[in-house]
Every structure is written in structure tokens, then in C-alpha cells.
Amino acid sequence: MSEIVRVLKTFVAYLKRPDLYPELGRKIVKNTVNRGNAFKGKEKTNSWASSRSISQQEAIAKLFGADSSPFRSAFSDVLKQSEQKERACPIKMGGPGALELIYYSCEFANAKNVVETGVAYGWSSLAALLSLEKREGTLYSSDMPYLAQDGDQYVGFVVPENLKRFWKLFRFADKESLPKIFADNETFDVVHYDSDKSYNGRLWAYHELYKHLRKGGVFISDDIGDNSAYQDFCEASAIDTVVVEYEGKYIGVFVK
Ligand SMILES: C[S@@+](CC[C@H](N)C(=O)[O-])C[C@H]1O[C@@H](n2cnc3c(N)ncnc32)[C@H](O)[C@@H]1O
């Protein structure tokens, strides 16, 4: 699909959804007057992140005192089924990230309530749900519909049916979803950010998520090398964060 057709298709799909008009306004500002915002401070943050990054395995041992190797064998069947579902999915989204980091964060925090932004196929959701199911906990997720690809019904596609009873999926932009989620549940054991990658979008959500994270809970943000929002947030709040290097990208994680 050419870029212009994709943009037009997305725009028309937005027009059909009045509940998404606030996000449409924000997207127009983001892609016009605020264009530079996506990469603000990127260079500074990449050298900061590369100088301190450790592997996912090391971070799990350091922060949670856990060995991450049993995860793949313990859940090999469900992971295999989810991979098959991803392959069969007619639309293409991003693949799995650092699943162990999410799973062992939930285990460490004895999580009953987890909030995440950004679902796509649902790989991060699956990792949290595999832990939450043991405590009959709840995952609250926020994701925008995949308007350009008619992919609305495929958000969370790899999450098995039996785990869906522990899952509340909010289908709005974060600025609308998060207030609804916090009205439903105030305090969380783990928060995972993986949605709007702009500098301003991140800073807004980081502050919101941090406020609703309990002391001793785990904060995770994906793709922190896109711009300096995560580094700036941690420095301004005197947070000592761990940085994980995973498949060429950086993930930030700390215990509050
Ligand atoms: C990288 S993907 C998430 C991947 C997922 N966490 C995983 O591990 O499989 C990013 C997702 O964020 C969603 N997204 C982007 N901007 C958003 C916003 N402002 N509000 C809510 N969701 C948003 C996109 O629709 C997309 O599904």
C-alpha cells in the first residue's frame, strides 16, 4: 500500500469513529507542528543507554533474583500455539519483545493488577497473563485500533481464549484509556509502556503510570532509545533505572 493511500485510509477510518476524534487531533499535531518531537534527545539517550545496558537475563537476576531460563520450557506449548496464530494472522504487526522480563516482573511483584499500553498481537499481554492467571489477577491493556490495515479484530490475536477472563482490553488511545483504567483500578503492581513513542506522549504516560504504581512494584518501558523521554523522566525523579539491551533496542526497568 502506498504511503498516501495508507494515510488516506487511516484518516477515513478515524472519521468513522467519533470516539477517536481526540486522538485524531493529537495525531495531526504530532505529524505536523511537532514532527521533531519523536526523536528529541535520541543521540544523548543512546549513548547513555549503551554505556549502562545489560542483558535481559542479567536484569532479571539483578532486580528480581530470578533465573529466567525456565520460562521457555515451562510455556513451550502455549508459546508454540501463539507463534502459529501469529503466522496465520492476515495482518502484520510487531513480534514478541522481552517476554521473560514482563513475566518475571509479575512473578517478583506477586502481581494481581498489571497495566500495559500497546498490545498489537498481544505478546506482552500473554507474558503478563501467564503470571497473573496463577493469582486470578487482572491485566488492563490499552491499544488503539489498527485502522489502516482493517486490523481492529486482530489486536491481542495471540492471547489464548482461556486467559481472556483475566484480561480487560480498552480500545482507545492511551489519553482516553488510562483514565478509564485508573477509574476501574487505582493501584498496580506492574506497569508496562509500549505504545505512543513520541517524547510528549511518553512523558505524559510515564507520570500517570508512575503515580498508580505501588511502592515495590515494577515499571517497564519499551524502546527507550527512540528519544530521551525515559532518561529525562528518570533523572528528573531521581530514579535509578536498569537498561536492558534486547535485539538492538533498549528497555528501561526499575522497582519503585
Ligand atoms: C509495539 S506495539 C505493542 C507491542 C506489544 N506490547 C507486544 O509486546 O506484543 C505498539 C502498539 O501501540 C499502539 N499505540 C500506538 N499509539 C497509541 C496510543 N496513543 N494509544 C494507545 N495505543 C497506541 C499501537 O496500536 C500498537 O499496537
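Residue numbers here run from 1 along each chain, matching the order of that chain's written sequence. Thresholds applied to this predicted model are a pLDDT of at least 70 for local features of residues and 80 or more for the giving and counting of side-chain atom pairs; totals over whole chains, interfaces and linings are not thresholded and use all residues. For side-chain calculations, the full set of non-hydrogen atoms in the structure is used, while hydrogens and water are omitted.

Helix numbers and strand numbers start at the N terminus; a helix is a DSSP run of H or I with at least 4 residues, a strand a run of E with at least 2. In terms of regular secondary structure, the protein chain is built from eleven helices and seven strands. Scaling as 2.2 N^0.38, a compact globule of 256 residues should have a C-alpha radius of gyration of about 18 Å, and the protein chain matches this with 18 Å. Taken over the C-alpha atoms alone, the protein chain extends approximately 50 × 40 × 35 Å along its principal axes. Going through the 256 residues of the protein chain one by one, you find that 51% of them count as buried. Our radius of gyration looks at C-alpha atoms and nothing else; its globule reference is 2.2 Å times the residue count to the power 0.38. Only protein chains enter the accessibility calculation, which uses a 1.4 Å probe. A residue is then buried if its area is under 20% of the maximum for its type, exposed if over 50%, and partly exposed in between.

So, on to the packing of helix α1 (residues 3-15) against helix α2 (residues 21-31). Running from N to C, α1 and α2 point in directions that differ by 145°, and their axes come no closer than 9 Å. By crossing handedness, the relation of α1 to α2 is classed as left-handed. The residues of α2 that touch α1, namely those facing Phe11, Tyr14 and Leu15, are Tyr21, Glu23, Leu24 and Lys27. Comment: axis = line fitted to C-alpha atoms, over the contacting stretch for helices; angle = value between 0 and 180 degrees taken between N-to-C directions. Crossing handedness is defined as follows: a turn of the near helix away from the far one that is anticlockwise and smaller than a right angle gives a left-handed crossing, while the clockwise case is right-handed. By the convention used here, residues are in contact when the closest approach between their heavy atoms is within 4.5 Å.

With respect to the helices and strands, Leu132 occurs in helix α8 (residues 123-132). When the C-alpha positions of Leu132 and Gly65 are compared, they lie 19 Å apart, and in sequence the two are 67 residues distant. Excluding anything up to four places from it in sequence, Leu132 contacts Ala111, Lys112, Asn113, Val114, Gly137, Thr138 and Leu139.

A few words now on the sheet that holds strand β3 (residues 167-170). What the seven strands build is an open sheet, ordered β3-β2-β1-β4-β5-β7-β6; its pairing is mixed. The sheet terminates laterally at β3 and β6 (242-246), the two strands that pair on one side only. Direction aside, the axes of adjacent strands within the sheet are offset by 15° on average. Pairing between strands is defined by DSSP: at least two bridges between the two strands are required. Pairing of strand β5 (residues 213-221) with strand β7 (residues 249-255), which is carried by four bridges, proceeds in the antiparallel orientation. Residue Ser221 lies in a different strand from β7, and its bridge partner there is Gly252. Against the sheet, helix α10 (residues 199-211) engages β1 (113-117), β4 (188-193), β5 and β7, with an angle of about 155° to β5.

Attention shifts here to the side chain of Asp223. Position of Asp223 relative to the elements: it lies in the loop between β5 and α11 (229-236). Throughout this description, a polar contact denotes any pair of N or O atoms lying within 3.5 Å of each other; where both atoms belong to protein, one of them has to be capable of donating a hydrogen while the other can accept it, and for residues adjacent in sequence the pair is counted only when both atoms sit in side chains. Within polar-contact distance, the side chain of Asp223 engages the side chain of Lys249 at 3.5 Å.

Let us look at helix α4 (residues 56-64). Of the residues making up α4, those classed as buried are Gln56, Ala59, Ile60, Leu63 and Phe64. For α4, the angular spread of buried residues about the axis comes to 100°, placing them on one side. Across α4 from its buried face, at more than 90 degrees, point the exposed residues Gln57 and Lys62. Against α7 (99-108), β5, β6 and β7 lie the buried residues of α4. Gly65 occupies a position one or two residues after α4 and carries a positive phi of about 60°. Think of the arc as the fan of directions from the helix axis to the C-beta atoms.

Here a disulfide denotes one covalent bond, and it connects the sulfur atoms of two cysteines. The term disulfide is used for any two cysteine sulfur atoms that are within 2.5 Å. Under the defined criterion, the tally for this structure stands at zero disulfides. Of all cysteine sulfurs, the one in Cys106 lies closest to Cys234, which takes part in no disulfide; the gap is 19 Å.

What follows deals with the pairing of strand β2 (residues 138-142). Within β2, five of the five residues are buried, which leaves it mostly tucked inside the rest of the structure. Going residue by residue along β2, you find Thr138, Tyr140 and Ser142 tucked away on one face and Leu139 and Ser141 tucked away on the opposite face as well. Pairing between β1 and β2: five bridges, direction parallel. Across the sheet, the residue bridging to Thr117 is Ser142, located in β2. Seen with its strands pointing away from the viewer, a crossover is right-handed when the path leading from the first strand over the helix to the second is clockwise. Read as a crossover between parallel neighbours, the route from β1 over α8 to β2 is right-handed. With four bridges joining them, β2 and β3 adopt parallel strand pairing. When the sheet's bridge partners are listed, Ser142 is paired in β3 with Phe170.

On to the pattern of salt bridges, then. A pair is scored as a salt bridge if a Lys or Arg side-chain nitrogen falls within 4 Å of a carboxyl oxygen belonging to Asp or Glu. Inspection of every chain in the model, using the stated rule, returns 21 salt bridges. Linking Asp240 and Arg52 is a salt bridge whose minimum nitrogen-to-oxygen distance equals 3.7 Å. Here Asp240 is found in the loop between α11 and β6, whereas its partner Arg52 is found in helix α3 (residues 42-52), with 188 residues between them in sequence. The residue Asp223 makes a salt bridge to Lys197 at a minimum N-O spacing of 2.7 Å. One end of the pair, Asp223, is in the loop between β5 and α11; the other, Lys197, is in the loop between β4 and α10, and 26 residues separate them in sequence. Three or more residues are tied together by salt bridges with common partners; here these are Arg17, Asp19, Asp152 and Arg171.

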